[in-house]
Amino acid sequence: MKAAVYTQYGPPEVLQVKQVEKPIPKKNELLLRIRATAVNSGDWRLRKADPFAVRFIFGLVSPKINILGSVFSGEVESVGEDVKHFKVGDFVFGHIDMSFGSYAEYKCLPENASIALKPTNITHNEAAVIPFGGVTALHFFKKAMIKANQKVLVVGASGAVGSAAVQLAKSYGAIVTGVCSAANFDLVKSIGADKVIDYTKEDFTQNGEIYDLIFDAVNTISVARTLKSLTKNGIMILSAAGMKEMLQGLWISMTSNKKVMTGVISHKAADIIFLKELIETGKFKPVIDRTYPLEQIAEAHAYVERGHKKGNIAIEV
Ligand SMILES: NC(=O)c1ccc[n+]([C@@H]2O[C@H](COP(=O)([O-])OP(=O)(O)OC[C@H]3O[C@@H](n4cnc5c(N)ncnc54)[C@H](OP(=O)(O)O)[C@@H]3O)[C@@H](O)[C@H]2O)c1
């Protein structure tokens, strides 16, 4: 089968499209024919081993996993004998755990992985870009127990996680302000934001507004300065937090009424099913900036690494 393979950490060109062996499903697995995947912000960090700590998990000298890609949309090509809930021909989409491997024509996954039937009203390219941002935003909003009429600020509202956070917060009935550049005002308003703030011109911590929830999707805020923009029992979600912000957050949560949430998201099929239903009722829409064929995966990585994509980058396999 065709796959984008990397055997050393480095620039986008380390990704080479070549022929590799097609996987064979185990008894409890589905063999998926991947039709589309996406390049997400985490993918280029793994490709480059940036930060260095990536090497402690994924291989000190060279990557132990050679095919990246954590999301997919495609078709069930065959099933192992114990598989009960999916059948050959089902269109499915989902999120892969730490095994990655969706930059390829085929991937085997256990049937209890984060998989659901693809929403009927969107294409494979559109479905593939949903899980990364969607599952991340959903994980944190559930943890924060978001409620209708809460005031929510989303920083990085034009990115993959941010655009999902805006739409999910609206679907819960929140009043949403998106922080983005003026070039992305139309996009962020089109996905439901009630108000937008241009981060290049205005510091939201200085305008006197306070929020029940502040969701920073791109790790660009000052945690200390942002505290005063939270209500008395407000919650700050730092989905892209580094070690410094995690420690700051822990301290704030331990010593005040305010809470800071950080950490790595979990993978659950229930979350993918929830997103499917939201899409089918028109409350959540895929945001695609560009689409590349798998052969141009290196170009797609270079674009994502610049940090200015609008929503998501789909890859046609
Ligand atoms: N906790 C977890 O388990 C988890 C899960 C998934 C992702 N993450 C992390 O989440 C982070 C975000 O991922 P992503 O894919 O959503 O990012 P992304 O799509 O690459 O973000 C790009 C967007 O951010 C905007 N942006 C850049 N600087 C900004 C600023 N100062 N203020 C507001 N917007 C700004 C850019 O707009 P302009 O072009 O206008 O600058 C662009 O539209 C990554 O670091 C990823 O590792 C964590």
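Up top is the structure.
Criteria and thresholds
Residues numbered from 1 in each chain as written. Predicted model: local features only at pLDDT ≥ 70, side-chain atom pairs only at ≥ 80, totals over all residues. Heavy atoms only, no water. Pairing = 2+ DSSP bridges. Helix = DSSP H or I, 4+ residues; strand = E, 2+ residues; numbered from the N terminus. Axes fitted to C-alpha atoms, helices over the stretch in contact; angles between N-to-C directions. Contact = heavy atoms within 4.5 Å. Buried < 20%, exposed > 50% of the residue type's maximum accessible area, 1.4 Å probe, protein only. Right-handed = clockwise from strand over helix to strand, strands pointing away. Near = heavy atom within 4 Å. Polar contact = N/O pair within 3.5 Å; in protein donor to acceptor, adjacent residues only side chain to side chain. Areas by Shrake-Rupley, 256 points an atom, 1.4 Å probe, with all protein chains shown as cover. Nonpolar A, V, L, I, M, F, W, Y, C, P; charged D, E, K, R; others polar. Patch = residues over 30% accessible without salt bridge, like charges linked within 9 Å, V, L, I, M, F, W, Y side chains within 5 Å. Salt bridge = Lys/Arg side-chain N within 4 Å of Asp/Glu carboxyl O. Expected span 1.5 Å × (residues − 1). Core = buried A, V, L, I, M, F, W, Y, C linked by side-chain atoms within 4.5 Å.

Caption draft 1: Representation of the sheet that holds strand β9 (residues 175–180) in the model. Spatial strand order, β10-β9-β8-β11-β12-β13: six strands in an open sheet with parallel pairing. Each edge of the open sheet carries a strand with a single partner, namely β10 (195–198) and β13 (259–261). Averaged over all pairs of adjacent strands, the angle between strand axes in this sheet comes to 15°, irrespective of strand direction. The pairing of strand β8 (residues 151–155) with strand β11 (residues 211–216) spans four bridges and is parallel. Directly across from Val155, in β11, lies its bridge partner Asp216. Against the sheet, helix α4 (residues 130–144) contacts β8, β11, β12 (230–238) and β13, and its axis sits at roughly 150° relative to β11.

Caption draft 2: Region of interest: the pairing of strand β15 (residues 312–316). With four of five residues buried, β15 is to be regarded as a mostly interior element. Where strand β3 (residues 29–39) lies against β15, four bridges are found, and the strand directions are antiparallel. Across the sheet, the residue bridging to Thr37 is Ile315, located in β15. For the segment spanning strand β14 (residues 288–293), helix α10 (residues 297–305) and β15, crossover handedness is right-handed.

Caption draft 3: Summary view of the site of the ligand. By nearness alone, 25 residues border the ligand, and Ser158, Ser181, Tyr199, His308 and Lys309 come closest of all. With respect to the ligand, the side chain of Ser181 contributes an N or O atom lying 2.4 Å from an oxygen atom. For the ligand, a nitrogen atom lies 2.8 Å from a polar atom in the backbone of Gly263. About the coverage of the ligand: the protein hides 84% of its 950 Å² of free accessible area. Top element by residues in the shell around the ligand is α4. It accounts for three residues. Among the residues forming the shell around the ligand, the class breakdown is eleven nonpolar, 13 polar and one charged.

Caption draft 4: Molecular detail of the side chain of Asn312. Mapping Asn312 onto the fold places it in strand β15. A distance of 2.9 Å separates a polar side-chain atom of Asn312 from the backbone oxygen of Val287. Excluding residues within four positions of it along the chain, Asn312 makes contact with Asn40, Val129, Ala160, Val287, Ile288, Asp289 and Arg290.

Caption draft 5: Molecular detail of a nonpolar patch on the surface. A cluster of nonpolar side chains, Phe52, Phe56, Ile57, Leu60, Val61 and Met98, forms an exposed patch at the surface whose accessible area comes to about 710 Å². Looking at where Val61 falls in the secondary structure, it is placed in the loop between α2 (54–58) and β4 (71–79).

Caption draft 6: Region of the structure containing helix α5 (residues 160–171). Look at α5: 17 Å from first C-alpha to last across twelve residues, which is about the 16 Å you get at 1.5 Å a residue. Here α5 lies mainly inside the structure; ten of its twelve residues are buried. Within α5, burial applies to Ala160, Val161, Gly162, Ser163, Ala164, Ala165, Val166, Gln167, Leu168 and Ala169. Just downstream of α5 lies Gly173, where phi reads positive at about 90°.

Caption draft 7: Fine view of the nonpolar core. In terms of nonpolar packing, the biggest core is built from 48 residues, with Phe141, Phe215 and Ile237 touching the most fellow members. Looking at this core, the elements with two or more residues in it are α4, β8, α5, β9, α6 (185–190), β11, β12 and α9 (269–280). Broken down by element, this core gets its largest block of residues, eight residues, from α4. With near-sequence residues (within four places) excluded, Phe215 lies in contact with Ala137, Phe140, Phe141, Leu153, Val154, Val155, Val161, Ala165, Ile237 and Ser239.

Caption draft 8: Representation of the pattern of salt bridges. A complete count under the given rule lists 15 salt bridges for this structure. In this structure, the salt-bridge partner of Glu209 is Lys151, at a minimum N-O distance of 2.7 Å. Here Glu209, found in the loop between β10 and β11, pairs with Lys151, found in strand β8; they are 58 residues apart in sequence, far enough to count as distant. Since its relative accessible area comes to 28%, Lys151 is described here as partly exposed. Here Asp198 and Lys201 are joined by a salt bridge, their closest N and O atoms 3.6 Å apart. Accessibility expressed as a relative area gives 72% for Lys201, which makes it exposed. One network of salt bridges, with partners in common, ties together Arg47, Lys48 and Glu305.

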